[in-house]
Amino acid sequence: MAVTRFTPQQSSRRATPRRLAPKSQERLIPADASQVELDIEGRSVKLTNLQKPFWPDLGITKGDLLRYYAEVSPYLLPHLVNRAMVMKRFPNGAAGKFFFQKRAPEPRPDWIETCTIEHGVAGKIDFPIVRDLPTLLWIINLGCIDLNPWYARCDDPDRPDYLHFDLDPVQGAEFKQVRETACVVHDALDKLKIPNYAKTTGSRGIHVYVPIVRGPWQKQVWTFAKSLAQTLERMHPDLITAEYRVAKRPKGRVLVDYNQNAWGHTLASIYSVRPTPRATVSTPITWDEIKRGVELTEFDIHTVPPRLRKLGDLWKPLLASTKRFKLESVLPVPDSA
């Protein structure tokens, strides 16, 4: 069983994230600075190597990445609180080598909160929690381009409050097939009266998320996702595969990946910039946008902030405690002893 711990005490002061005007992030992090030490909400955050090229071909620097996250933080932060964060660090930019880091690095500011989870042979791991703008900027300054939070909250990491499907094109498949697959998944969930929301992965595919009432164990959530993916594969064999073994996946299909629901796995969060050549962003989209032929390249580090100012957070309903699906209603009834 996972062991969790919040540090510091949960009673510590937390300011509500303030919305930043389009240019205020430039005043917060000056465009001509090479490093800066900010005082945000009474916390000192040192940001370094701001002129380092992170996307040299696009002229996008580490400082630009930090300014992007500062601007979208009021929409992003509510989706990250109370969730362990896996860090994927790109010290030399999007095209450079990266490494994963689960443990919050030492030394670190004493105001960084952590979530301690028993993690198999690795023992107890103190994951950082991104709860506020200072912590978000501290994480990004470490070279994290995208953000990878857990699906379960820190106080019970064995019981997620989301299930999801990662729709990924297999070799030979095009993005129009991903859109078609997303509509198939959407229709199947709608028929079960299960609420579902879509976002671009920012990479090659689409994520479909289902907000669920916390209760079933992670393995039960995974089992339901697997069953639905395999059912859709049987119904649409020329479009969909649920084959997890790469060597056995048929070409030209779209993988409905259920296995990302496994314990400890993560996906890039909404509003995460991805380490792609065009600095695309994982962005919530409507089903109407999918049906009309939305493209991944419509959403990048430059276009997402104005979209948010215009439309707001399309995934705000996922933050509510109401209208979450009770997954037990479609799970097999356990045999009585």
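To keep things clear, this report deals only with the structure shown in the data block. Nothing here was measured: the structure is a model prediction, and the numbers come from that model. Here the residue numbers are simple positions, counted from 1 along each chain's written sequence. Under the rules for a predicted model, residues below a pLDDT of 70 receive no local features and side-chain atom pairs below 80 are neither given nor counted, while totals for whole chains, interfaces and linings still include all residues. Hydrogens and water are ignored here; the side-chain numbers use all heavy atoms of the structure.

### Re the packing of aromatic side chains
Here is the rule: rings of Phe, Tyr and Trp (six-membered ring for Trp) pair when centre to centre is within 6.5 Å. Planes less than 30 degrees apart are stacked, more than 60 are edge-to-face, and the remainder are tilted. Within the structure shown, the criterion is met by eight aromatic pairs. Pairing Phe98 with Phe100 gives two aromatic rings, centres 5.7 Å apart and planes at 90 degrees, and the pair type is edge-to-face. Under the scheme applied here, a residue whose accessible area is under 20% of the maximum for its type counts as buried, over 50% as exposed, and between as partly exposed, the area being computed with a 1.4 Å probe on protein chains only. Given a relative accessible area of 51%, Phe100 falls into the exposed group. Relative to Tyr209, the ring of Tyr162 lies with its centre 5.8 Å away and its plane at 65 degrees, an arrangement referred to as edge-to-face. Taken together, the residues Tyr162 in strand β11 (residues 162–169) and Tyr209 in strand β13 (residues 206–211) connect sequence positions 47 residues apart. Each of the two residues, Tyr162 as well as Tyr209, counts as buried. Taken together, the ring pairs connect Phe90, Phe98 and Phe100 into an aromatic cluster. Definition used: whenever NZ (Lys) or CZ (Arg) falls within 6 Å of the ring centre and also within 35 degrees of the ring normal, the charge is taken to sit over that ring. Lying across the ring of Phe98, Lys88 places its NZ or CZ 4.6 Å from the centre. Strands here are runs of E lasting at least two residues and helices are runs of H or I lasting at least four, both read from the DSSP assignment and numbered beginning at the N terminus.

### A word on the sheet that holds strand β16 (residues 284–285)
Should DSSP find at least two bridges between two strands, the strands are taken to pair. Spatially, β14-β15-β11-β13-β12-β16 is the arrangement adopted by the six strands of the open sheet, whose pairing is mixed. Each of the sheet's edge strands pairs with one partner strand only, and the pair in question is β14 (240–241) and β16. Relative to β13, β11 is paired through six bridges, and the arrangement is antiparallel. In the sheet register, Leu167 faces β13, and the bridge partner there is Ile206. Contacts: residue pairs with any heavy atoms within 4.5 Å of one another. Where helices are involved, their axes are fitted lines through C-alpha atoms of the stretch in contact, as for all axes, and angles between N-to-C directions lie from 0 to 180°. Contacting β11, β14 and β15 (254–257), helix α5 (residues 218–235) runs over the sheet at an angle of about 40 degrees to β11.

### Considering the nonpolar core
Within this scheme, the nonpolar core is defined by two criteria: the residues are buried Ala, Val, Leu, Ile, Met, Phe, Trp, Tyr or Cys, and they are joined through side-chain atoms within 4.5 Å. Counting residues in each nonpolar core, the largest one holds 93 residues, and the members touching the most others are Tyr69, Leu137, Leu167 and Val273. In this structure, Tyr69 is in contact with Leu76, Leu136, Ile140, Ile145, Asp146, Leu147, Tyr271, Ser272 and Val273, ignoring residues within four places of it in sequence. Listed in part, the nine residues of the second largest apolar core include Ala84, Val86, Ile125 and Trp150.

### Describing the environment of Arg204
By secondary structure assignment, the location of Arg204 is in the loop between β12 (197–200) and β13. The exposure class of Arg204 is partly exposed, given its relative accessible area of 43%. With sequence-adjacent residues up to four places away left out, Arg204 is seen in contact with Asp168, Pro169, Phe175, Val178 and Leu296. Residues adjacent in sequence count toward polar contacts only when both atoms are side-chain atoms; beyond that, a polar contact is any pair of N or O atoms within 3.5 Å, and within protein one must be able to donate a hydrogen and the other to accept it. For Arg204, the side chain forms a polar contact with the side chain of Asp168, separated by 3.0 Å.

### Considerations on the sheet that holds strand β7 (residues 99–101)
Strand order across the open sheet formed by three strands is β7-β6-β10, with antiparallel pairing between neighbours. Two strands close off the open sheet at either side, each with one partner strand: β7 and β10 (148–149). With two bridges connecting them, strand β6 (residues 85–89) and β10 associate as antiparallel partners. Directly across from Met85, in β10, lies its bridge partner Pro149.

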